[in-house]
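# Structural overview for review
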Amino acid sequence: MAWVVLGALLCTLHVGLGSLDSEGFLPPAPHNCPNRCVCVADLLSCAGLGLEDVPAALPATAAVLDLSHNTLHHLHPGWLTPLSRLRALHLSHNELEALGRGVFANASGLQLLDLSSNGLRALGRHDLDGLGALELLLLFNNRLAHLDQLAFQGLGALRRLYLGCNELASFSFDHLHGLGVTHLRTLDLSSNRLGRIPVPDLAALPAFLKNGLYLHNNPLPCDCHLYHLLQRWHQRGLSAVSDFAHEYVCLAFKVPTSRVRFFEHSRVFENCSEPLAQGLEQPEEQRHVQVGRSLRLHCNTSAPAVHVAWVSPQQELLVAPGSPNGSIVVLADGSLAIRNVQPWHKGIFVCLATGPHLHHSQTHEYNVSVHFPHPGPEAFNTGYTTLLGCGVGLVLVLLYLFAPPCPGCHRCCHRSCRCWPRAPSPLQELSAQSSVLSTTPPDAPSRKASVHKHVVFLEPGKRGLNGRVQLAVAEDFDLYNPMGLQLKVGSESTSSTGSEGLVIT
């Protein structure tokens, strides 16, 4: 009986454990995954485990390895040999003080390396060997005080390098410690101890690197050349300067406590003459082109170049044959050609030329301005002018037909009004007759003497007017006193005038 009960308990326990496994509460550990680490697909995370050394067995499928927030003191040469697929390596927040030769062997595919927040004090010439595909290198918040002259040699694909918050007192801007400027876009040297910067080397950097060169929060000297150079960068709107303008300081009296802000307290540079800034930078060449036109830019160098590359305003590297979409072509002589200019081609094009006869590399900048064609003036339309001429002619004809040539001639009240005599028309005779027979009293006695007219009566028989009397105005008739008018009717018309009354036409 006891055996039966014990067997039932074991069966129940086995069923329960099987159900936990089926529901996923106790999953089996992945093959070759280090203890206490998390292995998910191609990601291996051993962060925050207090590891003092790298785990011995690492899965070969890992593409992302996170060993941050541990207490690693050193890295063994060749420790990355099994990880041929590795693309990102996080080693931040450890206690690494040195790297050594061969540490990154067999990491040719690594693209991201995070060594920030460690205790690194120096970088040797071979510490970063084998990282030809590296694009992002994080070295900020260390204790770096020395960089070998060729510490970054071989990092030809590097785009962003962060060296901020270290103890660097100098940096070689002429050759960038072996770095190539073809792909480099960001160089962070902020919050270091840079006290002497060669201004000509700084001015010779290409425009796209100046836009990503961070020098703020360094004890820079209050030098007139450096001030004018940074002031020009600030006026051009370079983000590395304009975004951190309030953090650019210099030592006014070469004393650490005499820091003055570059762009907020410019009285320190009152004695700096403006010509000092001339010649520091080669100004970019201006090009203006209309939309739809073609454009060709030549890479002008002091000596023949072996390799020529261009950087577009969109930070795109252009080498022969040109852009992927075919809109920009790099020709065999190194010049850049755009067949159909569009608004997005606006900005700064930078040419980078390298060769055995060139000092490191030479750059040439073009500032391309794209604008739409201005609409030309409208052609002279003869139809409108013809219509206008017809209208003006019609108005003149109407004025000639209906408007009197000398308005007011029938009332020449002023001596200066001179009217040429002309034959009166029938309408004017009627107007004069109606004015003469008006019953309106005279305005003033003085106006009688001004104008005098005589009325001449013509006999109706002689004019064929059927007994009617016709009036004619003489020169000395008083227009405003017609009361003295006398009518004389001939004998031939006495009967008719007596029966019909006096009719004046």
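In the block above lies the structure referred to throughout.
Rules and cut-offs
Residues numbered from 1 in each chain as written. Predicted model: local features only at pLDDT ≥ 70, side-chain atom pairs only at ≥ 80, totals over all residues. Heavy atoms only, no water. Helix = DSSP H or I, 4+ residues; strand = E, 2+ residues; numbered from the N terminus. Contact = heavy atoms within 4.5 Å. Areas by Shrake-Rupley, 256 points an atom, 1.4 Å probe, with all protein chains shown as cover. Core = buried A, V, L, I, M, F, W, Y, C linked by side-chain atoms within 4.5 Å. Buried < 20%, exposed > 50% of the residue type's maximum accessible area, 1.4 Å probe, protein only. Disulfide = S-S within 2.5 Å. Polar contact = N/O pair within 3.5 Å; in protein donor to acceptor, adjacent residues only side chain to side chain. Pairing = 2+ DSSP bridges. Axes fitted to C-alpha atoms, helices over the stretch in contact; angles between N-to-C directions. Phe/Tyr/Trp six-rings, centres within 6.5 Å; stacked < 30°, edge-to-face > 60°. Lys NZ or Arg CZ within 6 Å of the ring centre and 35° of its normal. Lys, Arg positive; Asp, Glu negative; His and termini not counted. Salt bridge = Lys/Arg side-chain N within 4 Å of Asp/Glu carboxyl O.

So, about the overall build of the protein. Helices and strands together make up the secondary structure of the protein, namely nine helices and 24 strands. Contacts in the protein between residues far apart in sequence, at least 24 positions, make up 58% of those at least 6 positions apart. In the form shown here, the protein has an accessible surface area of approximately 30000 Å², with 57% of it arising from carbon and sulfur atoms.

If you look at the biggest cluster of nonpolar residues, it comprises 78 residues, and the most contacted ones within it are Trp79 and Phe152. Contributions of two or more residues to this core are made by α2 (199-203), α3 (207-210), α4 (224-236) and β21 (347-354). Among the elements that take part in this core, α4 stands out by supplying five residues, more than any other. Filtering out sequence-adjacent residues up to four positions away, Trp79 remains in contact with Val54, Leu58, Leu65, Leu67, Leu89, Leu91 and Val103.

As enumerated under the stated definition, the model contains four disulfides in all. Between the sulfur atoms of Cys37 and its disulfide mate Cys46 the distance is 2.0 Å. Judged by the sign of its S-S torsion, about 115°, the bond between Cys37 and Cys46 is right-handed. Relative accessible area serves as the criterion here: at 12%, Cys37 is assigned to the buried category.

Glancing now at the environment of Leu205. As for its position among the elements, Leu205 is in the loop between α2 and α3. Along the primary structure Leu205 and His175 are separated by 30 residues, whereas in three dimensions their C-alpha atoms are 10.0 Å apart.

What follows concerns the side chain of Ser92. Tracing the backbone shows Ser92 in the loop between β4 (88-90) and β5 (112-114). Not counting residues within four places of it along the chain, the set of residues in contact with Ser92 comprises Ser68, His69, Asp114, Ser116, Ser117 and Asn118.

This next bit is on the environment of Asn217. Mapped onto the secondary structure, Asn217 falls in the loop between β11 (213-214) and β12 (220-221). Each C-alpha atom, one on Asn217 and one on Gly164, is 9.7 Å from the other, the two residues being 53 residues apart in sequence. Here Asn217 is in contact with Ser191, Asn192, Glu247 and Arg259, once residues within four sequence places are set aside. Among the polar contacts listed, one links the side chain of Asn217 to the side chain of Ser191, at a separation of 3.1 Å.

Our next topic: the sheet that holds strand β19 (residues 328-330). The antiparallel open sheet is built from three strands, whose spatial order is β16-β20-β19. At either margin of the open sheet sits one strand with a lone partner, and together these are β16 (295-297) and β19. The mean angle between the axes of side-by-side strands here comes to 20°, regardless of whether they run parallel or antiparallel.

Bringing the environment of Thr363 into the picture now. Inspection of the secondary structure assignment puts Thr363 in strand β22 (residues 362-371). In this structure, the C-alpha to C-alpha distance between Thr363 and Pro206, residues 157 residues apart in sequence, is 6.2 Å. Excluding anything up to four places from it in sequence, Thr363 contacts Ala204, Pro206, Val350, Cys351 and Leu352.

Tallied over the full model, the rule gives three aromatic pairs. It is Arg185 that lies over the ring of Phe208; its NZ or CZ is 4.3 Å from the centre.

What follows covers the sheet that holds strand β9 (residues 160-162). Pairing within the open sheet is mixed, and its nine strands lie in the order β1-β2-β3-β4-β5-β7-β9-β10-β11. For this open sheet the edge positions go to β1 (38-40) and β11, each flanked by a neighbour on one side alone. Looking at chain direction, strand β2 (residues 43-45) and strand β3 (residues 64-66) are connected through three bridges and run parallel. Residue Ser45 lies in a different strand from β3, and its bridge partner there is Asp66.

Let us now look at the side chain of Asp127. Counting through the fold element by element, Asp127 comes out in the loop between β6 (122-123) and β7 (136-138). Buried charge without a salt bridge: Asp127, with Arg101 as the nearest opposite-charge side chain at an N-O distance of 8.2 Å. Within the local environment of Asp127, its side chain forms a polar contact with the backbone nitrogen of Gly100, the two atoms lying 3.3 Å apart. Among the polar contacts listed, one links the side chain of Asp127 to the backbone nitrogen of Gly124, at a separation of 2.6 Å.

A few words on the pattern of salt bridges. Oppositely charged side chains can pair when the atoms bearing their charge come close. Tallied over the entire structure, the rule returns two salt bridges. Between Asp148 and Arg125 there is a salt bridge, with its nearest N and O atoms 3.3 Å apart. Placement of Asp148 in the loop between β8 (146-147) and β9 and of Arg125 in the loop between β6 and β7 is noted, with a sequence separation of 23 residues between them. The salt bridge involving Arg296 is made with Asp333; its shortest N-O contact spans 3.0 Å. Of the two residues, Arg296 sits in strand β16 while Asp333 sits in the loop between β19 and β20 (336-338), which places them 37 residues apart along the sequence.

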